[in-house]
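# Per-entry structural report
As a plain string of letters, each chain reads:
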Amino acid sequence: MTRTDSAPTPNFIRNIIEEDIKTNKYQGRVYTRFPPEPNGCLHIGHAKSICLNFGLAAEHEGGLCNLRFDDTNPSKETAEYIESIKSDVRWLGFDWDDRLYYASDYFDRLYEYAIQLIKKGKAYVCDLSTDEIRKYRGTLTSSGKDSPYRNRSVEENLALFKRMQAGEFESGSCVLRAKIDMASGNLNMRDPVLYRILKVEHHRSGNKWRIYPMYDFTHCLSDSIEKITHSLCTLEFEDHRPLYNWVLDELNVYHPQQIEYARLNLSHTVLSKRKLLELIEHGYISGWDDPRMPTLSGLRRRGYTAKSIRTFCDRIGVAKRDSTVDIALLEHCIREDLNNRSPRVMAVLQPLRVIIDNYPEGQTEELEAMNHPSDPDMGTRKVPFSRIIYIEKDDFLEEPPKKFYRLAPGREVRLRYAYFIKCVGVVKDDKTGEPVELHCTYDPETKGGDSPDGRKVKATLHWVSASHSLKAQARLYDHLFLKANPSDNKDGADFKDCLNPDSLRVADSCRIEPSLANAKPGTRYQFERIGYFCLDPVDSTGERLIFNRTVTLRDTWARIQKAQKKKN
């Protein structure tokens with residue numbers, strides 16, 4: 001049912017559950033749920049919740065985790081989002097088996113519960129506008145005041161509530177509110193709204209309902225109906241817990257335990273569906289699956305693996321206090337996974353033509369190359385070598401500075417799996433003066449990369465054969481935002497103001513080795529000396545290969561950890 005990769009990391013929620021099992025609080029049961037709203041695609045923050053809820057259930061014998069859609073706002077929800085969410089949860093390695101639920105499954109019961117509250121004198125129909133309700137609620141330092149409709153009779157409230165459902169009132173003209181305490185120090189307890197009028201067709205129930213329950217009312221009762229034991233929420237719901245408890249206690253129904261934990265905040269991105277949708281609608285990114293997005297569909301398209309995301313969620317842990325995780329840790333997790341599983345290939349992103357003058361014209365050699373230097377079981381492949389090859393433009397400098405050990409006039413370097421070559425001539429563009437072609441000689445005795453006379457070279461370059469290589473496009477993705485916290489608007493700036501203009505650079509003249517001709521969409525590779533890439537599953541075709549850079553080879557997180565260890 002559930003994917004687990006290793007022994008669970010201790011945290012305060014696990015400690016609570018273990019204590020509950022010891023005291024037989026829920027007859028030893030562990031029953032959790034993942035309750036997304038189908039109003040957008042899941043992102044890396046949701047992955048933390050998925051791994052936590054499904055993971056905790058899997059750790060205990062008989063543990064279960066439901067997938068429940070909180071579909072109480074039909075104006076923003078679609079069946080397309082539902083299918084996307086189901087696909088993402090499965091891709092991440094988890095399954096709900098036969099426990100797929102919708103809050104809309106419970107609309108009839110929720111309606112009856114609302115009537116029970118009215119009959120108990122604990123709910124009333126209020127005609128104040130949204131702005132008036134906000135004004136009457138008061139502030140953190142001043143009490144609220146009663147609505148003029150607060151003391152309507154039970155009979156009048158029942159009649160009005162039924163008329164709300166019958167569609168007799170316009171949207172926004174009235175709401176059903178809980179009658180709790182307008183002087184409460186918790187604003188959520190100052191007669192919160194339980195139902196509002198919304199004349200919108202629901203993707204599952206059609207036009208049956210003209211009123212829809214609010215999240216706080218739906219959430220606790222859905223947990224109760226499903227007999228959830230531990231209802232895990234992020235910290236912003238801590239102030240809502242008294243309302244969660246109040247509803248269940250007033251209705252005298254089964255009572256799960258709500259536990260709050262810190263949500264995931266990730267540097268150099270935003271994890272607000274509203275802000276992500278704003279980026280899409282204003283054309284800053286192409287869609288929910290844009291590889292720069294922190295969505296699971298975007299990360300998957302970029303080349304991230306489910307295992308790397310599960311590892312990341314395990315390593316960041318579960319805490320009670322909000323903090324921001326450096327995106328370098330997420331990148332470290334994908335490097336770690338791809339380093340073990342990705343075959344190595346050679347690709348040249350910015351080709352510079354090299355003619356090997358003393359190599360026989362018309363001759364081609366098939367050189368043996370390792371698919372993985374640390375895993376012989378991944379085998380080898382043949383790479384064609386010929387008189388004209390391409391190397392990276394950045395691997396040559398006509399006047400090299402100190403510590404630049406790659407190719408330069410008169411200097412010898414090693415070609416990966418091939419020969420030593422020495423630069424003997426440079427052809428430049430007449431207008432720009434930039435090198436456009438190099439002339440080199442090779443030493444035929446150095447085949448395989450070693451010299452019989454023991455001489456050494458300080459650099460090994462990757463390359464491709466000019467006549468055998470394939471044309472491709474490489475999309476070089478980087479952080480979406482320049483600022484670590486784009487939502488920090490103390491200076492009045494909009495979060496979009498710190499978008500990274502170089503979050504996508506495109507290498508249109510990329511050349512790749514011919515072994516990639518039959519690469520399948522979604523397949524991941526390490527382009528030697530460059531980074532990890534994935535064949536784009538959306539735009540790439542057999543005639544036009546497009547590779548997305550998942551992550552560079554440079555490991556920022558490893559350097560951060562090393563520096564921290566030195567400091568300590």
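Small disclaimer: the values here were computed from a predicted structure and weren't measured. (Residues numbered from 1 in each chain as written. Predicted model: local features only at pLDDT ≥ 70, side-chain atom pairs only at ≥ 80, totals over all residues. Heavy atoms only, no water.)

## Digging into the side chain of Ser 224
If you trace the backbone, Ser 224 turns up in helix H7 (residues 215–225). Of the residues examined, Ser 224 reaches a relative accessible area of 5% and is grouped as buried. (Helix = DSSP H or I, 4+ residues; strand = E, 2+ residues; numbered from the N terminus. Buried < 20%, exposed > 50% of the residue type's maximum accessible area, 1.4 Å probe, protein only.)

## Some details on the sheet that holds strand E7 (residues 211–213)
Here four strands make up an open sheet; going across it, the order is E4-E5-E6-E7 and the pairing antiparallel. Only two strands of the sheet have a single partner each, and these edge strands are strand E4 (123–126) and E7. The sheet shows a mean angle of 20° between the axes of neighbouring strands, direction not considered. As defined by bridge partners, strand E6 (residues 193–197) adjoins E7 across three bridges and the pair is classed as antiparallel. Counterpart to Tyr 195 in the pairing with E7 is Pro 213. In the packing of helix H6 (residues 154–165) onto the sheet, contacts are made with E4, strand E5 (175–178), E6 and E7, and the angle to E4 comes to roughly 60°. (Pairing = 2+ DSSP bridges. Axes fitted to C-alpha atoms, helices over the stretch in contact; angles between N-to-C directions. Contact = heavy atoms within 4.5 Å.)

## Focus on the packing of aromatic side chains
In total, this model carries 20 aromatic pairs according to the counting rule given. Ring geometry for Phe 69 and Tyr 102: centres 5.4 Å apart, planes at 25°, overall stacked. Residue Phe 69 is found in strand E2 (residues 64–69), and its partner Tyr 102 is found in strand E3 (residues 100–102); the two are separated by 33 residues along the sequence. For the pair Phe 69 and Tyr 102, one class covers both residues: buried. With a centroid separation of 5.7 Å and an interplanar angle of 70°, the aromatic rings of Phe 107 and Tyr 212 are classed as edge-to-face. (Phe/Tyr/Trp six-rings, centres within 6.5 Å; stacked < 30°, edge-to-face > 60°.)

## Here's the deal with helix H12 (residues 327–341)
For an α-helix, 3.6 residues make a turn, and residues three or four places apart therefore share a direction. Taking 1.5 Å per residue, 15 residues should reach 21 Å; H12 reaches 22 Å between its end C-alpha atoms and fits that length. Along H12, the residues classified as buried are Ile 327, Ala 328, Leu 329, Leu 330, Glu 331, His 332, Cys 333, Ile 334, Arg 335, Asp 337 and Leu 338. Capping the start of H12 is the job of one residue whose side-chain oxygen sits 2.9 Å from the backbone nitrogen of Ala 328: Asp 326. (Expected span 1.5 Å × (residues − 1). Polar contact = N/O pair within 3.5 Å; in protein donor to acceptor, adjacent residues only side chain to side chain.)

## So, the packing of helix H4 (residues 107–119) against H7
Across the interface, H4 lies against H7 with an axial gap of 11 Å and an inter-helix angle of 110°. The pairing of H4 with H7 is recorded here as roughly perpendicular in orientation. Crossing handedness for the pair H4 and H7: right-handed. Across the interface between the two elements, Arg 109, Leu 110, Tyr 113, Ala 114 and Leu 117 of H4 pack against Phe 217, Thr 218, Leu 221 and Ile 225 of H7. The class makeup of the residues in the contact of H4 with H7 is seven nonpolar, one polar and one charged. (Parallel < 35°, antiparallel > 145°, perpendicular 65-115°, else oblique. Left-handed = near helix turned anticlockwise from the far one by under 90°. Nonpolar A, V, L, I, M, F, W, Y, C, P; charged D, E, K, R; others polar.)

## Let's talk about the environment of Asn 11
Within the secondary structure layout, Asn 11 lies in the segment before helix H1 (12–22). Placed 391 residues apart in sequence, Asn 11 and Lys 402 show a C-alpha to C-alpha distance of 51 Å. Among the polar contacts listed, one links the side chain of Asn 11 to the backbone nitrogen of Ile 13, at a separation of 3.0 Å.

## Quick look at empty space enclosed by the protein
Under the definition given, this model contains four cavities of 30 Å³ or more. In this structure, the largest cavity spans a volume of roughly 160 Å³. When residues of the lining of the largest cavity are traced back to their parent elements, those giving at least two are helix H10 (296–302) and H12. If you tally residues by element for the lining of the largest cavity, the top one is H12, at three residues. By volume, the second largest cavity is sized at about 40 Å³. Lining the second largest cavity, in full, are Pro 35, Arg 68, Asp 70, Ala 103, Tyr 215, Thr 218, His 219 and Ser 222. Broken down by class, the residue content of the lining of the second largest cavity amounts to three nonpolar, three polar and two charged. (1 Å grid on protein atoms, 1.4 Å probe; cavity = no way out; pocket = protein on both sides within 12 Å on 5 of 7 lines; lining within 4 Å. Points joined across faces, edges and corners; volume = space filled by probe spheres on them.)

## Examining H6
Across its twelve residues, H6 extends 17 Å between first and last C-alpha, which sits within 8% of the 16 Å expected from 1.5 Å per residue. Listed as buried for H6 are Asn 157, Leu 158, Leu 160, Phe 161, Met 164 and Gln 165. Where the residues of H6 are buried, they touch H4, E4, E5, E6 and E7. Phi turns positive, to about 85°, at Gly 167, one or two residues after H6.

## A short note on the pattern of salt bridges
Pairs may arise between side chains of opposite charge once their charged atoms sit close together. This structure, assessed with the given rule, holds 41 salt bridges. In this structure, Asp 127 engages Arg 152 in a salt bridge whose closest nitrogen and oxygen atoms are separated by 2.8 Å. Here the residue Asp 127 occupies a position in the loop between E4 and helix H5 (130–137), and Arg 152 occupies one in the loop between H5 and H6, the gap between them amounting to 25 residues. Its relative accessible area of 16% is what places Arg 152 among the buried residues. A salt bridge links Arg 455 to Asp 453; the nearest nitrogen and oxygen atoms lie 3.0 Å apart. Here Arg 455 falls in the partly exposed class, since its relative accessible area comes to 27%. Accessibility expressed as a relative area gives 57% for Asp 453, which makes it exposed. (Salt bridge = Lys/Arg side-chain N within 4 Å of Asp/Glu carboxyl O.)

## A short note on the pairing of strand E20 (residues 435–443)
Every other side chain in a regular strand lies on the same face of the sheet, so the side chains alternate between the two faces. For strand E14 (residues 351–356) and E20, the ladder comprises four bridges, and the chain directions are parallel. Bridge pairing in E20 links Val 354 to Leu 438. As paired elements, strand E19 (residues 420–428) and E20 share eight bridges and run antiparallel to each other. Residue Lys 428 lies in a different strand from E20, and its bridge partner there is Pro 435.

## Overview of the packing of helix H11 (residues 306–316) against H12
The interhelical angle for the contact between H11 and H12, taken along N-to-C directions, is 135°, at an axis separation of 9 Å. By the angle between their axes, H11 is oblique relative to H12. Both H11 and H12 take part in a crossing whose hand is right-handed. Between H11 and H12, the residues in contact are Lys 307, Ser 308, Thr 311, Phe 312, Arg 315 and Ile 316 and Leu 329, Leu 330, His 332, Cys 333, Ile 334, Glu 336, Asp 337 and Arg 341, respectively. Of the residues in the contact of H11 with H12, the class split is six nonpolar, three polar and five charged.

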